[in-house]
Amino acid sequence: MRLAEWTTGSPCDPDNIAYCHRCKPRDLPSHVYRSAWSTAFHKAPGCKALATAQESVERRGGSPSEPVGIHVGVAISSGLAPCLHCFPNFKGRA
Ligand SMILES: [Zn+2]
Ligand SMILES: [Zn+2]
């Protein structure tokens, strides 16, 4: 299954499951990282884009939250987009 297809949450052909674990594209990890305020999820908690965003939260007087690991299906179904820095192959929702 292609990444753009899988991330839309459409059920896979063989199993008829949305965000099917078996059909998950190989370049997508099963757990990703997000922080409380983020609109994107990241492959690694140490992502450069995540760190930069956290700095700008601090600069605006907010307190950045620690990145937490969540299941990738949960991340996508709650409306988060893949970080383009972490997932350069992702071309957006089809
Ligand atoms: Zn499947
Ligand atoms: Zn990232």
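Trainee: Explain the overall build of the chain here, please?
Mentor: Check the secondary structure of the chain and you find three helices and four strands. When its helices and strands are written in sequence order, the chain yields α-β-β-α-β-α-β. Within the chain, the fraction of its 94 residues that count as buried is 23%. Excluding contacts between residues fewer than 6 apart, the proportion of contacts in the chain whose partners are at least 24 apart in sequence is 62%.

Trainee: Would you take a moment to explain the environment of Tyr-33 for this structure?
Mentor: Structurally, Tyr-33 can be placed in strand β1 (residues 31–34). Along the sequence, Tyr-33 and Val-72 sit 39 residues apart, while their C-alpha atoms lie 8.5 Å from each other. Contacts of Tyr-33, omitting those with residues within four sequence positions, involve Phe-41, His-42, Ala-44, Pro-45, Pro-67, Val-68 and Gly-69.

Trainee: Whenever I open this one, the nonpolar core confuses me. Can you help?
Mentor: Note on soluble globular proteins: their nonpolar side chains tend to be buried together. Ranked by internal contacts, the top residues of the largest apolar core, which has 13 residues, are Val-32, Phe-41, Val-72, Ala-75, Ile-76 and Cys-83. Every element with two or more residues in this core is listed here: β1, β2 (40–41) and α3 (72–77). Ranked by residue count, the leading element in this core is α3, at three residues. Here Val-72 is in contact with Leu-28, Pro-29, Ser-30, His-31 and Val-32, once residues within four sequence places are set aside.

Trainee: Just to check I follow, could you spell out the environment of Ile-17 for this structure?
Mentor: By secondary structure assignment, the location of Ile-17 is in the loop between α1 (3–6) and β1. Of the residues examined, Ile-17 has 12 C-beta atoms within 10 Å and is grouped as exposed. Taking the C-alpha atoms as reference, Ile-17 lies 14 Å from Ser-77; in sequence the two are 60 residues apart. The contact partners of Ile-17, leaving out residues within four places of it in the chain, are Pro-11 and Cys-12.

Trainee: How should helix α2 (residues 48–59) be read in this particular structure?
Mentor: For an α-helix, 3.6 residues make a turn, and residues three or four places apart therefore share a direction. Look at α2: 17 Å from first C-alpha to last across 12 residues, which is about the 16 Å you get at 1.5 Å a residue. A positive backbone phi angle near 90° is found at Gly-61, which sits one or two residues after α2.

Trainee: I would appreciate a short explanation of the environment of Pro-29 in the present structure.
Mentor: Turning to its location among the elements, Pro-29 is positioned in the loop between α1 and β1. Residue classification places Pro-29 among the partly exposed residues on the basis of 17 C-beta atoms within 10 Å. In the structure, Pro-29 is positioned 13 residues away from His-42 in sequence and 9.6 Å away in space, judged by C-alpha atoms. Every residue in contact with Pro-29, bar those within four places of it in the chain, is listed here: Lys-43 and Val-72.

Criteria and cut-off values
- Throughout, residues of each chain are indexed from 1 in the direction in which the sequence is written.
- Each chain is given a letter, starting from A, and each ligand a number, starting from 1, according to the order in which they appear as written.
- Only residues with pLDDT of at least 70 get local features here, since the model is predicted, and only at 80 or more are side-chain atom pairs given and counted; chain-wide, interface and lining totals rely on the full set of residues.
- Helical segments are the DSSP runs of H or I of at least four residues, strand segments are the runs of E of at least two, and each set is numbered from the N terminus.
- Residues are called buried when their C-beta atom has 20 or more other C-beta atoms within 10 Å, exposed when it has 12 or fewer, and partly exposed otherwise; all C-beta atoms are positioned from the backbone.
- A pair of residues counts as a contact when their C-beta atoms, built from backbone coordinates, are within 7 Å of each other.
- For the purposes of this analysis, a nonpolar core is taken to be any set of buried Ala, Val, Leu, Ile, Met, Phe, Trp, Tyr and Cys residues that are connected through C-beta atoms within 7 Å.
- Given the number of residues in a helix, its expected span is that number minus one, multiplied by 1.5 Å.

Such coordinate-based values are descriptive only and should not be taken to indicate function.
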